[in-house]
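The primary structure of each chain is shown beneath.
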Amino acid sequence: NGRPVGGHPLAPEWTDYTTRVQYQTYDVTALIRQGSNVVAATVADGWYAGGVGLSTMLIKKPRNIYGTTPSLLVELEAQHETGAPTTVVTDGAWRATRNGPVRGADILNGETYDARREMPGWDAVGFDTSSWHPVAVGDAPIAGPRLVAQPNEPIRVTEELKPVRLTEPKPGVFVFDLGQNMVGWCRLAVRGKAGATVRLRHAEMLDEAGLVYTENLRGALQTDVYTLRGGASESFEPQFTYHGFRYVEVTGDVERPRLADLAGRAVHSAVTPAGAF
C-alpha cells in the first residue's frame, strides 16, 4: 500500500545462492487496510545476477554467477478476527514492467535513475498495470538451495556524514570531501531542467590536480547517474548499489552545487559495536 515494510537496503543479504537463500519476515499488520490492498516490489540484479566480483584468474564470469535475472518470492499471511487465514503469494497473477525509473543498477558499477519515468501510485490500489507484462513463474528462485530465515543483522544506514570541503578543480567539475573513507552511497539535492543529467563518481583518493583518482578501482565504475524530472529541488539516493569512497565528483548540466547539498550515507551490516578507539 505504498509504504516500505522493512527499510533494509540490499536485502536479501549475499550468500552462496547455490546453497541457501535467506528470507526476511516483517510484521505488516499496521499497513493492511480494509478492502483492497497492494503488495509491490522493485527488484534489481543485486548480488544474485549482478557483478559482485571483478574478473580474475579464478572468476572468469564476474556477472550472473548465480543466475541471469532477478527473482522475487513473497508470501503474505493474514489472520482474520474470525480465525480464517488468507495467504497471498507470488504467482502468475503478478505483473511487472521494465519501464520504471531505475534504468540500470549494479553493486560495483552504480545506479542509473531517470526521474522522468517515475510512476506515482504504482505501488497503491487503483494503479493501471494493463500495459505491464505477466511475470515468468518458476518452481523456485534458483534450483537447489535451501530457503532459510536470515539469522544475521540486516544491512542498515548507520550514519550520515556531512562533507567538510567542496572544490572546483576544473570548471564545472565539483569535488566533495567527506573527511574520511566510508562505505555506502550519497544523497544529493539537485536543481535543474527536466532531462538534465547529473553524474556522481566516487573515489578514495585525489590526484595531483585535485580530481578523483579511480585507477585503483580497476573495472568498477562506482558511478551513479540521475536524470532530473524538472521543477523544484530534487533528491537522489540510489537503492541498489554501494561504494567505497571519501571523495565524490559531481558533474552535469545542473545548478552549481552547495556544500550542504550532499550527504554520505554510511551502510553496513548493523552489528552491535563491540568497542571503540
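In this numbering scheme, every chain counts its residues from 1 along its sequence in written order. Reporting of local features is limited, given that this is a predicted model, to residues whose pLDDT is at least 70; pairs of side-chain atoms are given and counted only at 80 or more, and all residues count toward the totals for whole chains, interfaces and linings. The basis for every side-chain value is the complete set of heavy atoms in the structure, and neither hydrogens nor water enter the calculation.

Colleague: Go over the nonpolar core with me, naming the residues and quoting the values.
Modeller: Note on terminology: a nonpolar core comprises buried Ala, Val, Leu, Ile, Met, Phe, Trp, Tyr and Cys residues joined through side-chain atoms within 4.5 Å. Working definition: with a 1.4 Å probe on protein chains only, accessible area under 20% of the residue-type maximum means buried, over 50% means exposed, and in between means partly exposed. Counting residues in hydrophobic clusters, the biggest one holds 19 residues, and the most contacted among them are Leu178, Val198, Leu200, Tyr226, Val248, Val250 and Leu262. Here a helix means four or more residues in a row that DSSP labels H or I, a strand means two or more in a row labelled E, and each is numbered from the N terminus. Of all the elements in the fold, those that place two or more residues in this core are strand E11 (173–190), strand E12 (197–203), strand E17 (243–252) and strand E18 (262–269). The leading source of residues in this core is E11, at six residues. Any two residues having at least one pair of non-hydrogen atoms within 4.5 Å are treated as being in contact. With near-sequence residues (within four places) excluded, Tyr226 lies in contact with Tyr113, Ala115, Val190, Ala196, Thr197, Val198, Glu234, Ser235 and Phe236. One finds Leu10, Val21, Trp47 and Val52 within the second-largest nonpolar core, a separate group that totals eleven residues.

Colleague: Give a description of the environment of Gly210 that names residues and reports values.
Modeller: Positionally, Gly210 belongs in the loop between strand E13 (205–206) and strand E14 (212–213). Judged by its relative accessible area of 18%, Gly210 is buried.

Colleague: An account of the side chain of His202 is requested, with residue identities and associated values reported.
Modeller: Along the chain, His202 turns up in strand E12. For His202, the side chain forms a polar contact with the main-chain oxygen of Gln222, separated by 2.9 Å. In contact with His202, not counting residues within four places along its chain, are Cys186, Thr214, Leu217, Gln222, Asp224, His243, Phe245, Tyr247 and Val248. Whenever two N or O atoms come within 3.5 Å, that pair is a polar contact, provided that in protein one can donate a hydrogen and the other can accept it, and provided that, for residues adjacent in sequence, both atoms are side-chain atoms.

Colleague: Requested: an account of the packing of aromatic side chains, with residues and values cited.
Modeller: Here a pair means two rings of Phe, Tyr or Trp (six-membered ring of Trp) with centres within 6.5 Å. Their orientation is stacked below 30 degrees between planes, edge-to-face above 60, and tilted elsewhere. On inspection of all chains with the given rule, the structure shows eight aromatic pairs. Residues Tyr17 and Tyr66 carry aromatic rings whose centres are separated by 5.1 Å and whose planes lie at 85° to one another, so their mutual orientation is edge-to-face. Of this pair, Tyr17 sits in the segment before strand E1 (20–23) while Tyr66 is found in the loop between helix H1 (46–49) and strand E2 (75–79), placing the two residues 49 residues apart along the sequence. Tyr66 gets classed as partly exposed once you look at its relative accessible area, which sits at 21%.

Colleague: Let's hear about a nonpolar patch on the surface: which residues, and what values?
Modeller: To count toward a patch, a residue needs a relative accessible area above 30% and no salt bridge. Like charges then connect within 9 Å, nonpolar side chains (Val, Leu, Ile, Met, Phe, Trp, Tyr) within 5 Å. Per-residue accessibility takes into account occlusion by the displayed protein chains alone, with areas from the Shrake-Rupley method and a 1.4 Å probe. Between Lys or Arg on one side and Asp or Glu on the other, a salt bridge is scored when a side-chain nitrogen of the former is within 4 Å of a carboxyl oxygen of the latter. Residues Tyr23, Leu73 and Leu147 make up a contiguous nonpolar surface patch of roughly 290 Å² in combined accessible area. Here Leu147 lies in strand E8 (residues 146–149).

Colleague: I'd like a rundown of the pattern of salt bridges, residues and numbers included.
Modeller: In total, this model carries 13 salt bridges according to the counting rule given. Measuring nitrogen to oxygen at the nearest pair gives 2.7 Å for the salt bridge that ties Asp177 to Arg165. Pair noted here: Asp177 is in strand E11 and Arg165 is in strand E10 (residues 165–170), with a separation of twelve residues, a long-range link. Of the charged contacts in the structure, one is a salt bridge between Asp177 and Arg246, with a shortest N-O distance of 2.8 Å. Linking Asp177 in strand E11 with Arg246 in strand E17, this pair joins segments that are 69 residues apart in sequence. Looking at Asp177, the relative accessible area reads 4%, which means it is buried. Of the residues examined, Arg246 reaches a relative accessible area of 25% and is grouped as partly exposed. Through salt bridges with shared partners, a single ionic network connects Glu160, Arg187, Glu237 and Arg265.

So, to be careful, I would describe these as geometric facts and stop short of saying anything about function.
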